[in-house]
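Here are the chains, one letter per residue:
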Amino acid sequence: MNVKRENQHLIICPDTKQFTDLVVCAANCGHKCSKYRSFITYEMLLDYVEKHPEYMIIGEIMPTQKTSPKDVNKYWIVSKDNTLQEVSEDEIMKNPQNYLDKQIWQKPPYRFEIIVTLRRIKAD
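Criteria and thresholds
- Residues numbered from 1 in each chain as written.
- Predicted model: local features only at pLDDT ≥ 70, side-chain atom pairs only at ≥ 80, totals over all residues.
- Heavy atoms only, no water.
- Helix = DSSP H or I, 4+ residues; strand = E, 2+ residues; numbered from the N terminus.
- Areas by Shrake-Rupley, 256 points an atom, 1.4 Å probe, with all protein chains shown as cover.
- Patch = residues over 30% accessible without salt bridge, like charges linked within 9 Å, V, L, I, M, F, W, Y side chains within 5 Å.
- Salt bridge = Lys/Arg side-chain N within 4 Å of Asp/Glu carboxyl O.
- Buried < 20%, exposed > 50% of the residue type's maximum accessible area, 1.4 Å probe, protein only.
- Pairing = 2+ DSSP bridges.
- Polar contact = N/O pair within 3.5 Å; in protein donor to acceptor, adjacent residues only side chain to side chain.
- Core = buried A, V, L, I, M, F, W, Y, C linked by side-chain atoms within 4.5 Å.
- Axes fitted to C-alpha atoms, helices over the stretch in contact; angles between N-to-C directions.
- Contact = heavy atoms within 4.5 Å.

## Quick look at the overall build of the chain
Part 1 of the argument: Check the secondary structure of the chain and you find four helices and seven strands.
Part 2 of the argument: Put simply, the chain runs from its N terminus to its C terminus through helices and strands in the order β-β-α-α-α-β-β-β-α-β-β.
Part 3 of the argument: Of the roughly 9,900 Å² of accessible surface on the chain, a fraction of 53% belongs to carbon and sulfur atoms.

## Description of a nonpolar patch on the surface
Part 1 of the argument: A contiguous nonpolar patch, built from I61, Y110, F112 and I114 and spanning about 470 Å² of accessible area, is present on the exposed surface.
Part 2 of the argument: Mapped onto the elements of the fold, F112 is located in strand β7 (residues 112-120).
Part 3 of the argument: With a relative accessible area of 49%, F112 lands in the partly exposed category.

## Regarding the pairing of strand β4 (residues 74-78)
Part 1 of the argument: Pairing analysis gives five bridges linking β4 to strand β5 (residues 84-88), with the strands arranged antiparallel. The residue of β5 that forms the bridge with V78 is L84.
Part 2 of the argument: Counting the residues that bridge the hairpin from β4 to β5 gives five residues, and of these N82 lies at a positive phi of roughly 60°.
Part 3 of the argument: Bridge analysis of β4 against strand β6 (residues 103-106) gives four bridges, and the strand direction is antiparallel. Bridge pairing links V78 to Q103 in β6.

## Points about the side chain of S79
Part 1 of the argument: Counting through the fold element by element, S79 comes out in the loop between β4 and β5.
Part 2 of the argument: For S79, a relative accessible area of 18% corresponds to the buried category.
Part 3 of the argument: Engagement of the side chain of S79 in a polar contact is seen with the side chain of D81, the distance being 2.4 Å.
Part 4 of the argument: Among the polar contacts listed, one links the side chain of S79 to the side chain of T83, at a separation of 2.6 Å.

## Side note on the nonpolar core
Part 1 of the argument: Counting nine residues, the largest nonpolar core is built from C25, Y36, I40, L45, V49, Y55, M62, I115 and L118.
Part 2 of the argument: Every element with two or more residues in this core is listed here: α3 (42-51), β3 (55-63) and β7.
Part 3 of the argument: Residues Y75, I77, I92 and Y99 belong to the second largest nonpolar core, which totals five residues.

## As for the sheet that holds β5
Part 1 of the argument: Taken in spatial order, the three strands line up as β5-β4-β6 in an open sheet, and their pairing is antiparallel. Of all the strands in the sheet, just β5 and β6 have a single pairing partner and so form its edges. Within this sheet the neighbouring strands show an average axis-to-axis angle of 30°, counted without direction.

## Thoughts on unusual backbone geometry
Part 1 of the argument: Of note, N82 is a non-glycine position whose phi angle comes to about 60°, a positive value.
Part 2 of the argument: As for its placement among the helices and strands, N82 is situated in the loop between β4 and β5.

## Side note on the environment of E113
Part 1 of the argument: Topologically, E113 is positioned in strand β7.
Part 2 of the argument: Take E113: its relative accessible area is 30%, and that puts it in the partly exposed class.
Part 3 of the argument: With 54 residues separating them in the primary sequence, E113 and G59 have C-alpha atoms 9.7 Å apart.
Part 4 of the argument: What E113 contacts, discounting residues up to four positions off in sequence, is R37, E60, I61, M62 and T64.

Written out as structure tokens, the structure reads:
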């Protein structure tokens, strides 16, 4: 007789290769893998926190990519009306007259996103 599991939030952790509950993953995982990012929602954690007040929801800033491509240098051009335009180094070198009176900033190599996670509230 097949019995359906009550908890449908079990995944196989890519690191440990073991079955892990998503809520346990939200509280313990250090790097928040792609499975975590695709399955965990703020609403899911909010529902869990309402049932378990010993946890709270926090946000973590995580990089979206490990490294930046080294072959293309990108720059941000700030115009007089404070708008940003992203251009390559080749574009600036070929048309320098278009960028003489503008601020030029090198684009940072990393991009970040906010990931929601759980943290256990320490008892006093």
